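Architecture and fold: a report
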Amino acid sequence: MPLNSKVPEGPLPEKWTRHRLHLKLVNPANKRKFTILVVGTGLAGSSAAASLSELGYQVKVFCIQDSPRRAHSIAAQGGINAAKNYPNDGDSVERLFYDTIKGGDFRSREANVYRLAEVSNSIIDQCVAQGVPFAREYSGYLDNRSFGGAQVSRTFYARGQTGQQLLLGAYHALMKEAAKKTLELFPRREMLDLVVIDKAARGIIVRNLMTGQLESYAGDAVVLATGGYGNVFYLSTNAKACNVTAIWRAHKRGAFFANPCFTQIHPTCIPVHGDYQSKLTLMSESLRNDGRVWIPKNKGDHRPPAEIPESDRDYFLERKYPSFGNLVPRDIASRNAKEQCDKGKGVGTTGLAVYLDFADAIKRVGASVMEEKYGNLFAMYEKITGADPYQVPMMIYPAVHYTMGGLWVDYNLMSNLSGLFVIGEANFSDHGANRLGASALMQGLADGYFILPCTIGDYLAGISPGAFSPTHLEFKACENEARERLSKLLSIKGKRTVDEIHRQLGMLLWDKCGMTRHERRLNEALQKIPQIREEFWNNVNVVGTNEELNQSLEKAGRVADYLEFAEILVKDALHRTESAGGHFREECQTAEGEARRDDEHFSYVAAWEYRGAGQAEELHREPLEFEFAKPSARSYQ
Amino acid sequence: MNKTMATTINLTLKVWRQKDRNTPGRFEIYCADHIDTDMSFLEMLDVVNEKLIKEGKEPIAFDHDCREGICGLCGAMVNGQAHGPLRDTTLCQLHMRHFQNNATLVIEPWRSRAFPVIKDLVVDRSAFDRIAMAGGFISIKTGSAPEAHTLLVSKSKSDMAMDAAACIACAACVAACPNGSAMLYTAAKAGHLNLLPQGQPEKDQRTLSLVQQMDREGFGHCSNIYECEAACPKGISVTNITRLNRDYFLASRSREQKV
Ligand SMILES: Cc1cc2nc3c(=O)[nH]c(=O)nc-3n(C[C@H](O)[C@H](O)[C@H](O)COP(=O)(O)OP(=O)(O)OC[C@H]3O[C@@H](n4cnc5c(N)ncnc54)[C@H](O)[C@@H]3O)c2cc1C
Ligand code: FES
């Protein structure tokens, strides 16, 4: 099936404006006849649901947490980009567009990225009007800061809690609508399946997490805003409930999964400290402005860092990249740390850490200046590790952070299944092979506030509302399937816990399909994944019953889906014999060890189609064309 | 310091177990042995749970998600203190190095009439959402916002609003309050929005509705004990309560005058 991206004709800067003019509209009096199901209440889902309800649609909103305000978006720290050019430093929509497309290593769709940059400024206006307390200068105007991958200051922030404040803005909008009763909230619900009738999304099956009851909801359109799948690696900076289930289930019902191998690894996280580790914590990469990364020169040197003299230290980033030093891009910093630890030179109890040392900076500018700059980060580090970074170097290690891949969507954010829209981190659309800092929040809100509310009308205008109800046979069939799966999970009564198996899968993927990838190791992973899956279905122990709050059962369902999804993640990585952004194939590097892209063969979106259990997925290619931003090599020399 | 060997401690846990809303609960005793002091409190519970599952027993249910102290899902009383003994810290950010070897820890859910226990340590905090629904917002429709810089907000006002907006709605304030009052949460919500120029048009209505809903939900009254501030992991100040009281007084008076 050819993939139609529906990118409108016309010059790039005019596409979105022209497109909106051509979109069909739903008559205001008819809007309330349409029901839209929104799954997910992060930035993308909350903003979309509130905006759709304002337009007059009936909206039902679902999330796993007990309140929509607790979605994973709340954890974002750094900030949100926009092309306001308030600092007068030469920013523009064009520049934000170009930085984003280059940052994504020329693996995203030009028209989508341009539109993202175009609506970025309205997001800031919207959020300020909602009362988001962005940082301000003494003049009362908004403050900006710089972020990686850009030479301008375009990042808006609210202390270290930007995600929280933006999400509260969207949550407040959601609450305002919920009070009017056009919008209904369903917290503590997990979507277990998508109901597809006549090749269109017609509803969802959810499990009520408090009672175990399976509930069916019919809608004229379904919007998935269910976030990323980073937790397939078990350890990541993502919140624990992040999962692939919703988009994986949709995939199994026909939605294409695009670029699953594009995953992002962040270089500065607090390292794993034991087998019991449950998640990883990010330390802002701004620390690399003043911290020096090093390891002991000699393997097996277990002296405390202060006792290791300069001559026995290896500042490997400064040594290998004299011009960029500690400020090389995320992927390079990450890969180098891993390389050193793989050689057995890592530090800490596990040997999987490198030092990030502030001693020189403290000597140079004094501890009080450092405290002003990084006080909260140092405090957080001390809280978690018990070590004081003013006295001893921090220990850091890379960790899985974000997933660029996701369900394939066209320019209207609709998947190849009619009526199924996918927004936020759950879709693949705007970040190509690598996302720049502070642009995930921008994308989630662009999708939810400004893009989806326009494009969804075009679809709804062409259908008649309320065509199906949950009494339809297909709903019953999906519900039964979900019920059988839950009973199956509860009936295995094996010897291993869900977490054990999840950890095993995570370690395998981290090892074989993590920071660097190689054909041989990817093939090894492909052999092992089915074995772990079999072990899971034969030997997992899920205690309790379905008819209650059962967190083991919730986890088991998610891990079962990860065990299926992992295979396509690895297959995608295997098929893409180039290095691009977060996807680094060891076979595809320059003599200096830099990523080597292959535009001739891989300038496309890889969209995978599910063909049934045990069948190989079919690859569809959406070619990427670059009219404005001509692909160039990403060089940091 | 940089350590090469993990330090471990042994603990006795007395944990509240309750099957569901309607079944009476009771304390159960568990041994938590060889607990690495670098573990977070929740990781310690994970370890206990893994063991319980291996024994075919039901693990202890507890809410959590971000494990970074920001989502507000986690929380329990530890030896009578909300989120445990450390100030400005959520349960997920509390690490085991703050406990003594051989200590006994009594772990209970938030106790409040307005928060029914769903299971074990998991409680129903939907009352907080309903308070927010009553007026915790600024009524701006998507798309109608003016250019951001047409509105100036003084840095001090903006910072004060941010201080209030830092609330994570974990409900430790309610759990710590002898009256079970939700004043700190409500005042933080009101404070965030009432301080900002954007929040002025709806200020009176918002204040009255928030307080009215809080009362409806069955929370106790605030008698200025300030346990809430001490328990708050985000350091939300009780000055928000003073401000809410003032806003409430002014809003009631202006309503009376209108009547
Ligand atoms: C530590 C950290 C820091 C970050 N900092 C930044 C930053 O500074 N700037 C930036 O731009 N980006 C940042 N990011 C990335 C950014 O936060 C996320 O990409 C973004 O918030 C995702 O938003 P979302 O709305 O797509 O999904 P999420 O916020 O992940 O929300 C997903 C929603 O879907 C629901 N859900 C999921 N599965 C189901 C299901 N099966 N059934 C029902 N509901 C379901 C959840 O309950 C939740 O409500 C950061 C990420 C992390 C991990
Ligand atoms: S788990 Fe999110 S605040 Fe503790």
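Residues numbered from 1 in each chain as written. Chains lettered and ligands numbered in written order. Predicted model: local features only at pLDDT ≥ 70, side-chain atom pairs only at ≥ 80, totals over all residues. Heavy atoms only, no water.

Attention shifts here to the overall build of chain B. Counting its regular elements, chain B contains 8 helices and 7 strands. Counting only C-alpha atoms, chain B reaches 65 × 45 × 35 Å along its principal axes. In chain B, which comprises 259 residues, the share counted as buried stands at 59%. For chain B, the share of sequence-separated contacts (at least 6 apart) that also reach a separation of at least 24 residues comes to 70%. (Helix = DSSP H or I, 4+ residues; strand = E, 2+ residues; numbered from the N terminus. Buried < 20%, exposed > 50% of the residue type's maximum accessible area, 1.4 Å probe, protein only. Contact = heavy atoms within 4.5 Å.)

All names here are of chain B. Segmenting chain B into domains produces domain 1 (8-108) and domain 2 (125-139 + 154-258). Its C-alpha centre places domain 1 at a distance of 30 Å from the equivalent point of domain 2. Buried area between domain 1 and domain 2, summed over both chains or domains, comes out near 890 Å², and the portion from carbon and sulfur atoms is 50%. Along the contact surface separating domain 1 from domain 2 lie 1 salt bridge. For Asp-63, the salt bridge is made with Arg-125, and the minimal N-O distance between the two is 3.6 Å. (Domains from an automatic or database assignment. Buried area = accessible area lost by both parts, 1.4 Å probe. Salt bridge = Lys/Arg side-chain N within 4 Å of Asp/Glu carboxyl O.)

Turning our attention to the environment of B:Cys177. Residues and elements named next belong to chain B. For Cys-177, the location among the structural elements is in the loop between helix 4 (172-176) and helix 5 (183-195). The class of Cys-177 is buried, set by a relative accessible area of 15%. Separated by 45 residues in sequence, Cys-177 and Cys-222 place their C-alpha atoms 8.4 Å apart.

Time to look at the packing of aromatic side chains. Residues and elements named next belong to chain A. A complete count under the given rule lists 29 aromatic pairs over all chains for this structure. The interplanar angle of 85° and the centroid separation of 5.4 Å between the aromatic rings of Phe-536 and Trp-537 together place this pair among those described as edge-to-face. Relative accessible area serves as the criterion here: at 18%, Trp-537 is assigned to the buried category. Taken together, the ring pairs connect Tyr-229, Trp-248, Phe-257, Phe-565 and Tyr-610 into an aromatic cluster. Just above the ring of Tyr-157 sits the side chain of Arg-145; from NZ or CZ to the centre is 3.9 Å. A cation over an aromatic ring shows up here: Arg-292 above the ring of Tyr-315, its NZ or CZ 3.8 Å from the ring centre. (Phe/Tyr/Trp six-rings, centres within 6.5 Å; stacked < 30°, edge-to-face > 60°. Lys NZ or Arg CZ within 6 Å of the ring centre and 35° of its normal.)

Turning next to the site of ligand 1. Residue and element names in this part refer to chain A. Around ligand 1 lies a shell of 37 residues, among which Gln-65, Ser-73, Gly-78, Met-191 and Glu-425 are the nearest. A distance of 2.9 Å separates an oxygen atom of ligand 1 from a polar backbone atom of Ala-440. In the complex, the protein chains occlude 97% of the 1000 Å² of accessible area that ligand 1 would expose alone. For the shell around ligand 1, the secondary structure elements donating two or more residues are helix 3 (43-55), strand 7 (189-197), strand 16 (394-403) and helix 12 (440-460). Considering each element in turn, the shell around ligand 1 owes the most residues, 3 residues, to strand 7. (Near = heavy atom within 4 Å. Polar contact = N/O pair within 3.5 Å; in protein donor to acceptor, adjacent residues only side chain to side chain. Areas by Shrake-Rupley, 256 points an atom, 1.4 Å probe, with all protein chains shown as cover.)

This next bit is on the sheet that holds strand 3 (residues 77-78) of chain B. All names here are of chain B. Read across the sheet, 5 strands follow the order 2-1-5-3-4 without closing on themselves; strand pairing throughout is mixed. This sheet does not close on itself; its edge strands, each paired only once, are strand 2 (26-36) and strand 4 (81-82). Where strand 1 (residues 8-17) lies against strand 2, 9 bridges are found, and the strand directions are antiparallel. Residue pairing across strands places Trp-16 opposite Phe-27, the latter belonging to strand 2. Set on the sheet, helix 1 (residues 41-54) makes contact with strand 1, strand 2, strand 3 and strand 5 (104-108); between it and strand 2 the angle comes to about 105°. (Pairing = 2+ DSSP bridges. Axes fitted to C-alpha atoms, helices over the stretch in contact; angles between N-to-C directions.)

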